[in-house]
Amino acid sequence: MNEFTIPIVFSVVIGTLSRIYMFRTDYRQYPTYPHGMIIHLALGFIAAALGALVVPSIMSEEFTAVTFLTLAASQFREVRNMERKTLTEMDTLELVPRGASYIEGIAVTFEGRNYLVIFISFVTSLAYLSLNIWASLVAAVLSFLVAKKYMTGSKLGKIATIEHSELSFEGAGLYVDNIYIMNIGIPERQEEILNHGLGFVISPKNFDARMTIGNLGQRQAILHDLAISLGVYRDSGTPALVPLIKRDLDDGRIGVFILPQNKNVDLAKKIISQVPTLENAIRMPTETKEKGSDQS
Amino acid sequence: MILEKVILAAITNSVNKVPVGGNVFVCDSKEEMDKVAAELEAILDGIAHKLSNDVYIIVKH
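Values in this document were obtained by computation on a predicted structure and should not be read as measured data.

**Q** Mind laying out the sheet that holds strand β3 (residues 173-176) of chain A, listing which residues take part and the relevant values?
**A** Residues and elements named next belong to chain A. Strand order in the open sheet formed by three strands is β2-β3-β4, with antiparallel pairing between adjacent strands. Each end of this open sheet is capped by a strand with a single partner; those strands are β2 (167-170) and β4 (179-183). The mean angle between the axes of side-by-side strands here comes to 35°, regardless of whether they run parallel or antiparallel. Two strands pair when backbone bridges link them, and β3 and β4 are joined in this way by four bridges, in the antiparallel orientation. Residue Val176 lies in a different strand from β4, and its bridge partner there is Ile179.

**Q** Can you lay out the interface of chain A and chain B for me, pointing to particular residues and giving the numbers?
**A** It is common to give the size of an interface as the accessible area lost on bringing the parts into contact. In this complex, chain A contributes eleven residues to the contact, which on the side of chain B involves eleven residues. Summed over both partners, the interface of chain A with chain B comes to about 950 Å²; 59% of that surface belongs to carbon and sulfur atoms. Per-residue buried area on chain A facing chain B is highest for Asn183, Ile186 and Pro239 of chain A; these three make up 47% of the total on that side. The interface formed by chain A and chain B contains one salt bridge. Linking Arg189 of chain A and Glu41 of chain B is a salt bridge whose minimum nitrogen-to-oxygen distance equals 2.7 Å. One can count five residue pairs in polar contact (both at pLDDT 80 or more) joining chain A with chain B. Going through the elements one at a time, β4 and α7 (187-196) of chain A are the ones with two or more residues in the side of chain A that touches chain B. Class assignment for the residues of the side of chain A that touches chain B results in seven nonpolar, three polar and one charged.

**Q** Go over the sheet that holds strand β7 (residues 254-258) of chain A, please, and point to the residues and values.
**A** The strands that make up a sheet pair up through hydrogen bonds in the backbone, lying either parallel or antiparallel. Residue and element names in this part refer to chain A. Strand order in the open sheet formed by four strands is β1-β5-β7-β6, and the pairing between neighbours is antiparallel. In the strand order of this sheet, the two ends are held by β1 (160-165) and β6 (244-247), each with one partner. The mean inter-strand angle of the sheet, taken between neighbouring strand axes irrespective of direction, is 20°. By the bridge criterion, six bridges tie β1 to strand β5 (residues 198-204) in an arrangement that is antiparallel. Residue Ile162 lies in a different strand from β5, and its bridge partner there is Ile202. Docked against the sheet, helix α9 (residues 216-230) engages β5, β6 and β7, running at close to 30° with respect to β7. Across the face of the sheet, helix α10 (residues 265-274) comes into contact with β1 and β5 while running at roughly 35° to β5.

**Q** Give me the domain arrangement of chain A: which residues, what numbers.
**A** Residue and element names in this part refer to chain A. When its domains are assigned, chain A resolves into domain 1 (5-152) and domain 2 (157-284). If you average the C-alpha positions of domain 1 and of domain 2, the two centres end up 35 Å apart. Taken together, the contacts link eleven residues of domain 1 with 19 residues of domain 2. With both sides pooled, the region where domain 1 packs onto domain 2 buries about 1300 Å², and carbon together with sulfur makes up 62% of that total. Connecting domain 1 to domain 2 are zero salt bridges.

Rules used throughout
Residue numbers restart at each chain and count upward from 1, following the sequence in its written direction. The lettering of chains begins at A and the numbering of ligands begins at 1, in the order of writing. Per-residue local features are limited, in this predicted model, to residues with pLDDT of at least 70; the limit for side-chain atom pairs, both in listing and counting, is 80 or more; totals at the level of whole chains, interfaces and linings are taken over all residues. Derived side-chain values reflect all non-hydrogen atoms in the structure, with water molecules and hydrogen atoms excluded from consideration. A strand pair is defined by DSSP finding two or more bridges across the two strands. Strands here are runs of E lasting at least two residues and helices are runs of H or I lasting at least four, both read from the DSSP assignment and numbered beginning at the N terminus. Every axis corresponds to a line fitted to the C-alpha atoms, with the helix fit spanning only the stretch in contact, and the corresponding angles, defined between N-to-C directions, vary from 0 to 180 degrees. Contacts: residue pairs with any heavy atoms within 4.5 Å of one another. Buried area is understood as the total, over both parts, of accessible area removed when two parts are fitted together, assessed with a 1.4 Å probe. Each salt bridge in this description consists of a side-chain nitrogen of Lys or Arg and a carboxyl oxygen of Asp or Glu lying within 4 Å of one another. Distance and chemistry together define a polar contact, namely a pair of N or O atoms within 3.5 Å, with one atom able to donate a hydrogen and the other to accept it when in protein, and with adjacent residues in sequence counting only for side-chain atoms on both sides. Note on residue categories: nonpolar means Ala, Val, Leu, Ile, Met, Phe, Trp, Tyr, Cys or Pro, charged means Asp, Glu, Lys or Arg, and polar means any other residue, Gly included. Per the annotation, domain bounds derive from an automatic or database assignment of domains.

Take a look at the structure:
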């Protein structure tokens, strides 16, 4: 035992607890696997230990020791690869896949959370060693709140409005509002779709949102979340019943067509508005500087 | 082998309207066409699209 033992242990505990808090098994059903959770808990513990060790190593003038943080970076990049690989492999077995963009988003989140843990335990140990245990508790809570803010991204409901719209057929063409979805030939299938299907029109609130919701990855994420929450009326080998989203080229609205098990319009609207805006789908064409084209 | 966007079969009750050489199923009536198309859709994992009142095609997407 030396003067650093208690602060380090304290910071590691705080860091690990924050990682546990960040596990939230929700409708995405991930991570629900006990072993997957153990992996992430262990990595969270390592991250917390790394964060906690920074300040003591500086205080004992072991400056080179800080280079172990670079090790952490490569270690946690590996986490992202691991998550991406697992989810991609599982995606082929989903009735409505997540899509590569959504998977990348989840994988990046897993990596990012470990850095948040490093940050939290670093701040905690800094406050403990420079002030006292009470200061470190306050610092832990504050950094926790900051982490929480960065943990939750933006939602689709913020950038677009969602309206329910009836499905209709014009000849063999299936339409949501005036957006063409696909050609369904057999009358029996058409009836099935009209009975079980739901249609929604998502209208972007501004020009940036128009690009974001047009992204194919973002559209797949909407379908996946809807299918996970409401169930889906299809089986393998029924491609005609695959939920689809198509775009109105004139104004950027998108038409959602889905066949849910639970045909609850209000719930579906709520789910769509809660779909995360994927980081890699966000586009901001309006941020382009007018001079931009001259400089390139 | 993964097939994409391929016409797997055509179903018609008007034999002049489909190309010669594909997997063409000629039917006598509209009802028979619906039935054959539904069966083929299930068997081939494709979608039955209606080109006109006389022609259905089964496409793998």
